[in-house]
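Working through the structure, step by step
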Amino acid sequence: MTTFQNFIGGKWQSTQSGHTFPNYNPATGELLGEFPLSDHADIDAAVVAARAAFARWRLVPAPKRGEILYRVGELMTRHKEELARTMTQEMGKVLKETRGDVQEGIDMAYYMGGEGRRLFGYTVPVELPNKTGMAMRDPVGIVACITPWNFPIAIPTWKMFPALIAGNTIVLKPAEDTPLSALRLVELLYEAGLPEGVVNIVFGPGRPTGEVLIHHPEVNVISFTGSTETGRHVAVEAAKSLKRVSLEMGGKNAVMVMDDADLDLAVEGILWSAYGTTGQRCTACSRVLVHRAVREALLEKLVPRIEALRLGNGLDEQTDVGPIINAKQLAKVHSYTEVGKAEGATLVTGGAVAQDGPLAKGYFYRPTLFSNVQPSMRIAQEEIFGPTLSVITIDSLDEAIAINNGTKYGLSSAIYTQNINNVQCATRDVTTGILYINSGTTGAEIQFPFGGTRGTGNGHREAGLAGLDVFTEWKVVYTDYSGKLQKAQIDE
Ligand code: ADP
């Protein structure tokens, strides 16, 4: 059994306290390694290293920073399979999805590498003669990246690569359930030539590790992805020292199926969005809003397909749905089945822990479908983060849109229809960060802004050009070459 270390200031280091925590495979229960349980002293060392590296890294020309990211992209491509396998072992999702997770990171490396030769600012005319003005992007400083376990490589890259290209330095605290994937990613960053101390990784749980990091006075930006409850806490605490905070949190994403929809296509999109990654995606579909006219036809096609999904170890290419991440989350998912039944929804399929054969060693849950769900029920309002889908019947597009918008989240929505008027109305009226027409709720591409409305976030976006805004300060430089004092806005 391996005991892993933090990577701080270019050196592998154990925690100063000597405490560790275990990392398990959720499909088999196998122990994958021990990781440092970091506290004040370790976080402080990581922030000091990041601060020292910032003084040099911000002065490296952005195109050179970009060349390192290109090499990261090449190395991730070369190691894609190995990274994907590590990830599947560590958090359970099937190999085709963990390969996709790594690919998102590769895409981000090339995209942000290219930003090294852009990082566009702008110039506009100024109101006085012999004077110029330009707006440029500066790095902010030290960025704390706090990441969840469901996209163990993609999400750290979504935060780190824009932060790096802009000239910031980083302390990464990955989720306690997926330390190994993040560690492998950081190894590749250094193999690509990243200077010492530019990225530091500290392992540990939310408390004490994350908690110490968000309070550290030298941290300037916190980029967080995780639960709404924790995100709110992070924002409140960070506000006390006016840190910049970018939050990506929950979703209660809906697929709307209209009476003219291609039902076979809708079934494919619903299956992939609701049960892919075992429903543990912030963009997972957890509500289907289906028109009464096609409800029975949709269920007839959908239910057998759900029942045919094969549960198992994600390393087996035959598996469709892997385990739930841990025992606590498994219990939470099952508790929502009880809630749904008590609320009067009809349990159509699933709704139980799966324990036959080798499944007994892991945290498996039967893909679950409820029908006759009312929009106000808890199973239709709260994020379950598991393979549980609620079917709600609607009679019109207006009703579907109102129900779609009627939760505290607003990340991703989808509509299946062949009618251009429905498409246009949904585009106008659905209050969401992402809307898919004739596709499921998942599958965002990295060149577009990613994030949501309402309780999904706090107004920021990751990825695309918008992703740079979190990690840069605008600086405006006026140059007056008139040789005399010129006063803006003052009548002379
Ligand atoms: P989940 O329930 O999906 O695990 P969390 O929001 O608890 O989501 O965790 C997301 C990330 O936030 C993880 O890296 C976790 O360790 C971290 N975290 C949890 N609690 C805190 C906290 N109080 N302060 C800072 N980070 C935290």
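Residues numbered from 1 in each chain as written. Predicted model: local features only at pLDDT ≥ 70, side-chain atom pairs only at ≥ 80, totals over all residues. Heavy atoms only, no water.

**With respect to the packing of aromatic side chains**
Rule in force here: Each Phe, Tyr or Trp ring, with Trp reduced to its six-membered ring, pairs with another whose centre is within 6.5 Å; inter-plane angles below 30 degrees give stacked pairs, above 60 give edge-to-face pairs, and intermediate values give tilted ones. Any Lys NZ or Arg CZ found within 6 Å of a ring centre and within 35 degrees of that ring's normal is scored as a charge over the ring.
For the structure on display, the rule yields nine aromatic pairs. Members of the aromatic cluster, connected to one another through ring pairs, are Phe4, Phe21, Phe35 and Phe203. When the ring centre of Trp57 is taken as origin, the NZ or CZ atom of Arg65, which lies over that ring, is 5.9 Å away. Between Lys93 and the ring centre of Phe151, over which it is positioned, the NZ or CZ distance is 3.7 Å.

**Topic: the nonpolar core**
The following threshold applies: We call a set of buried residues a nonpolar core when its members are Ala, Val, Leu, Ile, Met, Phe, Trp, Tyr or Cys and they connect through side-chain atoms within 4.5 Å of each other. Throughout this description, buried means an accessible area under 20% of the type-specific maximum (1.4 Å probe, protein chains only), exposed means over 50%, and partly exposed covers the range between. Throughout, a contact is declared for two residues whenever any of their heavy atoms are within 4.5 Å.
Membership of the largest hydrophobic core comes to 99 residues, with the highest contact counts inside it found for Phe161 and Val257. Excluding its chain neighbours within four sequence positions, the residues that come into contact with Phe161 are Leu69, Val72, Met76, Gly105, Met108, Ala109, Met112, Leu185 and Leu189. Among the nonpolar cores identified, the runner-up in size contains 26 residues, and Leu289, Ala380, Ile394 and Ile403 belong to it.

**What to know about a nonpolar patch on the surface**
Stated formally: Patch rule: a residue counts if its relative accessible area is over 30% and it has no salt bridge; like charges are joined within 9 Å, and nonpolar side chains (Val, Leu, Ile, Met, Phe, Trp, Tyr) within 5 Å. Accessible surface is estimated by sampling points in the Shrake-Rupley manner with a 1.4 Å probe; for residues, cover comes only from the protein chains shown. Salt bridges are defined as contacts in which a side-chain nitrogen from Lys or Arg sits within 4 Å of a carboxyl oxygen from Asp or Glu. Helix and strand assignments follow DSSP, with helices taken as H or I runs no shorter than four residues and strands as E runs no shorter than two, numbered in order from the N terminus.
A surface patch of nonpolar side chains, about 330 Å² in accessible area, is lined by Met1, Tyr24 and Leu31. Inspection of the secondary structure assignment puts Met1 in the segment before strand 1 (6-8). A relative accessible area of 64% means that Met1 is categorised as exposed.

**Overview of the sheet that holds strand 6 (residues 131-139)**
This is how it is decided: Should DSSP find at least two bridges between two strands, the strands are taken to pair.
On the basis of which strands lie adjacent, the open sheet formed by three strands has the order 5-6-23 and antiparallel pairing. The sheet is open, and its two borders are formed by strand 5 (122-123) and strand 23 (472-480), each paired with just one other strand. Bridge count for strand 6 against strand 23 is nine bridges, and the pairing is antiparallel. Its bridge partner lying in strand 23, Ala135 is registered against Val476.

**So, helix 7 (residues 206-215)**
Taken together, the buried positions of helix 7 are Thr209, Gly210, Glu211, Val212, Leu213 and Ile214. For helix 7, the secondary structure elements touched by its buried residues are helix 1 (40-57), strand 7 (142-146), strand 8 (169-173), strand 10 (221-225) and helix 8 (228-239).

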